[in-house]
Amino acid sequence: MLDADLAHERDYVRGLYRRLDELRDEKRGQLAAVRKAGAIGSVQNISERDAFAAMYEDRLAQLDAVEDRLVFGRLDLDDGEAQYIGRIGLSTDDLRRLMVDWRAPEASHFYQATAFDRQGVRRRRHLILQGRDVKAIEDDILDSDMLDAAHHHQGEGALLAALNSKRTGRMADIVSTIQAEQDRIIRAPMPGALVVQGGPGTGKTAVALHRAAYLLYSHRDRLKSAGVLLVGPSPSFMKYIERVLPSLGETGVVMSSLGRLMPGIAAVPEDDARIAKLKGSQRMAEVIAAAVANRQRIPAGDRILDVEGQKLLLTPRQVRRARDKARATGKPYNEARNTFVKILLRELTEQLQSKIEAASVGNNADRAYLAEDVRQARDVRVALNLCWMPMAPQKLLAELFSKRAILDAVATNLTAEERELLVRPVDAPWTEADVPLLDEAAELLGEADASGGSEAARREADRRRDLENAERTLANLDSSLREQGIDGVVSAEDLADFQEAPEARLTAAERAVGDRTWAYGHIIVDEAQELSYMQWRLLVRRCPLKSFTIVGDIAQTSASAGASSWGSALTPFFGDRWQLEELTVNYRTPSQIAEAAARMAAAAGLTVSAPKAVREGQWPPLVDTVPAGEVIGRLVASMPEELRAADGGLVAVIAPEELVVPARAALRDVYGARVGQGAGSFDQDIVVIDPREAKGLEFDVVVVLEPSRLVDAHHGRVGDLYVAMTRPTQRLRLISSEPLPAGIEAELAVA
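Residues numbered from 1 in each chain as written. Predicted model: local features only at pLDDT ≥ 70, side-chain atom pairs only at ≥ 80, totals over all residues. Heavy atoms only, no water.

1. Some remarks on helix H15 (residues 378–387)
Within the span of H15, buried status applies to Val380, Ala383, Leu384 and Cys387. Down the axis, H15 shows its buried residues gathered within 95 degrees of arc, on one side only. Summarising the contacts, the buried residues of H15 are in contact with strand E10 (303–307), strand E11 (310–314), helix H12 (316–328), helix H13 (333–359) and helix H14 (369–376). (Buried < 20%, exposed > 50% of the residue type's maximum accessible area, 1.4 Å probe, protein only. Helix = DSSP H or I, 4+ residues; strand = E, 2+ residues; numbered from the N terminus. Arc of directions from axis to C-beta. Contact = heavy atoms within 4.5 Å.)

Have a look at this one:
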């Protein structure tokens, strides 16, 4: 029976791959034909050609991305139908469905059905593929009437096989093994803020990524034009997850760490926890607002201005009146400055005209040129700039932090000691804690280029024209056009985008990356417990509809400005429009390691989630206590044993910041290029990172150096050690020359 079933599944899966190849060949042929046509004909014809070309390109990218494990499941239903579940939907030319997209509503039964609630499912079959071949099948019998000598309950073998697989340094999707509680969260309604709280190993990140794919599938009309932003804690983390969404059939999500959310700024970490906490506080919004207002200055006395030999008078009263009128417009600083300048130029022009007319009685010549003379006069330009200088966010903050006099004048809500913390050289690099402040300044300052408004208006007019053309084009397209994309829908916005010149034709995600003011349709935040007040303020500004998926674990907070509770972090921005869901099962961490980490955290007074571990590991946590100065030596000596335990998987050394470089150097002396470092290095066998880079990642084996320093150093939060201890999927070793943190029982497993 098993051999016959396996042969049947192999034959069916070969058929699915044949259909995949047919569709690829078809799209390649259609794309080649469209490209061969060239840019000829009317604007409408060109628009239609470009629309087809872009859709064929998108469809090809999707078909190529799902090659690995194209199909992973089958449902045998009460009505006798068999439904195959895979990464995308596939049908024959005559629309007979061959495979259901995992995001489709009917596919939810694959994840949610149980023997107690079958949902019309008699049997759930897992197909385990290697390449294009079915290597094994595993059945979950949900209908007791099917149980006989040939059919029996098998349980969670597919899940456990996935959990025990070796780590590669790239996150694998969990689409074939999503569990019921995860699936319920993935498919939750989009409006409002959904908080997914879960301890280490519960699959929070995987749930967040699969939710992104699900929302793009289910709400494509809205999200294709607005986009989805996925925010992670570090560049290492973004590298770790970058391949998951394409494998799920989605390529349009913007993925960014917080330090990259200000276009043109590549921020570095903020080294001083005190500074990071201060810059993340709500008070900094007041400081930035005061710094902007401080740039609108009233002169101490009258000023004489020379315009073509004529002496004009600029008084403090004039400047104050113009400033108040400009502020009353409610426009951002740079835009309000245009009003300020226009008012004073008009008054100075009238003053110049009165002087000339008084000296030229009876001469009624046209003096329209006087306005340009006043505008171009050097004295006038200098005087107006001194009163209200055009300002960019970078210049505002650089001067604020480098000039103590300005800081003292505007940061009156900070203590003298706090202001001293903020002082730094004018050319200091931008830090991750600066990015929300730059964004706040940009919001208050507005467009610095005076022509920006007119250019934006021109672009908007062009966009309206393109949309009108696209709507006319769409009305003339054959109904087959609807079947070229996965969603079967082509909008006027799509066609307007495709009508642009090829070098300027960008997806919503690509346009969003370079536009600070872009309003996303949905934002997913991973490791959200680390965010400060100012970082939340930035993100909420990016999504005015406040549609968020917020993923994290309060117990793992290590940032000094991070959250102590979800309520304190979210209520200022979402009010009561957020709901909490909790993941309760630890799929990653062996029970011995999870329990040891929980004991350490509890002993430190940290309240942690206690998800149930689904498996027991081979090894308890190993603890090496060594004399001072011998930690690196013991690391090198123990590495062969750890590599054997990893058995081809990935070993991570997680160390305090000051030990990262010496540990990496010592290991490279022995293992050479097999040792990597941080972001982009996870193709090696061994990586050496600090706890911040480890956040959100997982490894087969983890070696933690000087665990007590991870509690005391840098951020000074026990969350750093808790994070480090919960990264391994197989084995944990701690090497310490200092007294161990309370709760770590060295005598249980001393190496």
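2. Brief notes about the UniProt feature "binding site: ATP" (unreviewed entry) in the chain
UniProt records the feature "binding site: ATP" (unreviewed entry) for Gly198, Gly199, Pro200, Gly201, Thr202, Gly203, Lys204 and Thr205 in the present numbering. Mapped onto the elements of the fold, Gly201 is located in the loop between strand E7 (193–198) and helix H6 (204–218). On the accessibility criterion, Gly201 (7% relative accessible area) is buried. If near-sequence neighbours (up to four positions away) are discounted, Gly201 is found in contact with Val585, Asn586, Tyr587, Arg588 and Thr589. Take Thr205: it is sitting in helix H6. According to the relative accessible area criterion, Thr205 is buried, its value standing at 10%. (UniProt positions renumbered as here; feature names shortened; annotations may be inferred.)

3. Overview of the nonpolar core
In terms of nonpolar packing, the biggest core is built from 84 residues, with Trp536, Leu539, Phe548 and Ile550 touching the most fellow members. It is H13 that contributes the most residues to this core, 10 residues altogether. Those residues in contact with Trp536 that sit more than four places away from it in its chain are Val525, Ala528, Leu531, Phe548, Ile550, Ala569, Leu570, Phe573 and Phe574. In this structure, Phe72, Leu215, Leu216 and Val228 belong to the second largest nonpolar core, which totals 34 residues. (Core = buried A, V, L, I, M, F, W, Y, C linked by side-chain atoms within 4.5 Å.)

4. As for the confidence of the model for the chain
The predicted model of the chain averages 81 in pLDDT, with 79% of residues at 70 or higher. Helix H11 (residues 283–294) holds the highest mean pLDDT among the elements of the chain, 96, whereas helix H4 (residues 157–163) holds the lowest, 48. Within the model, the stretch residues 746–751 combines pLDDT values under 50 with 12 contacts to residues more than four positions away or in other chains. (pLDDT = per-residue confidence, 0-100.)

5. Quick word on the sheet that holds strand E1 (residues 71–77)
Spatially, six strands are ordered E3-E4-E2-E1-E5-E6 in an open sheet, and the strand pairing comes out mixed. In the strand order of this sheet, the two ends are held by strand E3 (90–91) and strand E6 (133–141), each with one partner. With two bridges connecting them, strand E2 (residues 82–86) and strand E4 (residues 97–101) associate as parallel partners. The residue of E4 that forms the bridge with Gly86 is Asp101. Contacting E1, E2, E3, E4, strand E5 (121–130) and E6, helix H1 (residues 2–37) crosses the sheet at an angle of about 120 degrees to E6. (Pairing = 2+ DSSP bridges. Axes fitted to C-alpha atoms, helices over the stretch in contact; angles between N-to-C directions.)

6. Remarks on the sheet that holds strand E14 (residues 578–583)
In space, the six strands of this open sheet follow the order E9-E8-E12-E13-E7-E14, with parallel pairing throughout. Of all the strands in the sheet, the pair left with one neighbour each is strand E9 (253–257) and E14. Within this sheet the neighbouring strands show an average axis-to-axis angle of 15 degrees, counted without direction. Of the pairings in the sheet, the one linking E7 to E14 comprises six bridges and is parallel in character. In the strand pairing of E14, Ala193 is matched with Trp578. Of the strands in this sheet, E7, strand E13 (548–552) and E14 are in contact with helix H24 (residues 566–574), which crosses E14 at around 150 degrees.

7. Thoughts on the packing of aromatic side chains
In this structure the tally under the stated criterion is seven aromatic pairs. When the ring of Tyr333 is compared with that of Trp388, the centres are 5.5 Å apart and the planes differ by 45 degrees; the resulting orientation is tilted. On the criterion of sequence distance, the pair formed by Tyr333 in helix H13 and Trp388 in the loop between H15 and helix H16 (393–402) is long-range, its members being 55 residues apart. We classify Tyr333 as buried; its relative accessible area is 2%. Classification of Trp388 as buried rests on a relative accessible area of 0%. Each member of the aromatic cluster is reached from another via a ring pair, and the members are Tyr333, Phe340 and Trp388. The positively charged end of Arg731 is found above the aromatic ring belonging to Trp619, 5.1 Å away from the centroid. (Phe/Tyr/Trp six-rings, centres within 6.5 Å; stacked < 30°, edge-to-face > 60°. Lys NZ or Arg CZ within 6 Å of the ring centre and 35° of its normal.)

8. A word on the environment of Asp101
Positionally, Asp101 belongs in strand E4. Taking the relative accessible area as the measure of exposure, Asp101 reaches 4% and is therefore buried. In this structure, the C-alpha to C-alpha distance between Asp101 and Ile85, residues 16 residues apart in sequence, is 6.1 Å. Side-chain polar atoms of Asp101 contact the backbone nitrogen of Arg103, separated by 2.9 Å. (Polar contact = N/O pair within 3.5 Å; in protein donor to acceptor, adjacent residues only side chain to side chain.)

9. So, the packing of H12 against H13
Between H12 and H13, whose axes approach to 8 Å, the crossing angle comes to 140 degrees. Judged by the sense of rotation from one axis to the other, the crossing of H12 with H13 is right-handed. Between H12 and H13, the residues in contact are Gln318, Val319, Arg321, Ala322, Arg323, Lys325 and Ala326 and Ala336, Thr339, Phe340, Ile343, Leu344, Glu347 and Gln351, respectively. For the contact of H12 with H13, the class distribution of residues is seven nonpolar, three polar and four charged. (Left-handed = near helix turned anticlockwise from the far one by under 90°. Nonpolar A, V, L, I, M, F, W, Y, C, P; charged D, E, K, R; others polar.)

10. Considerations on the pairing of E10
A regular strand carries its side chains on alternate faces of the sheet. Pairing of E10 with E11, which is carried by five bridges, proceeds in the antiparallel orientation. The partner of Ile304 across the bridge, within E11, is Leu313. The antiparallel pairing of E10 with E11 creates a hairpin that spans two residues between the two strands, and Glu308 there sits at a positive phi of about 55 degrees.

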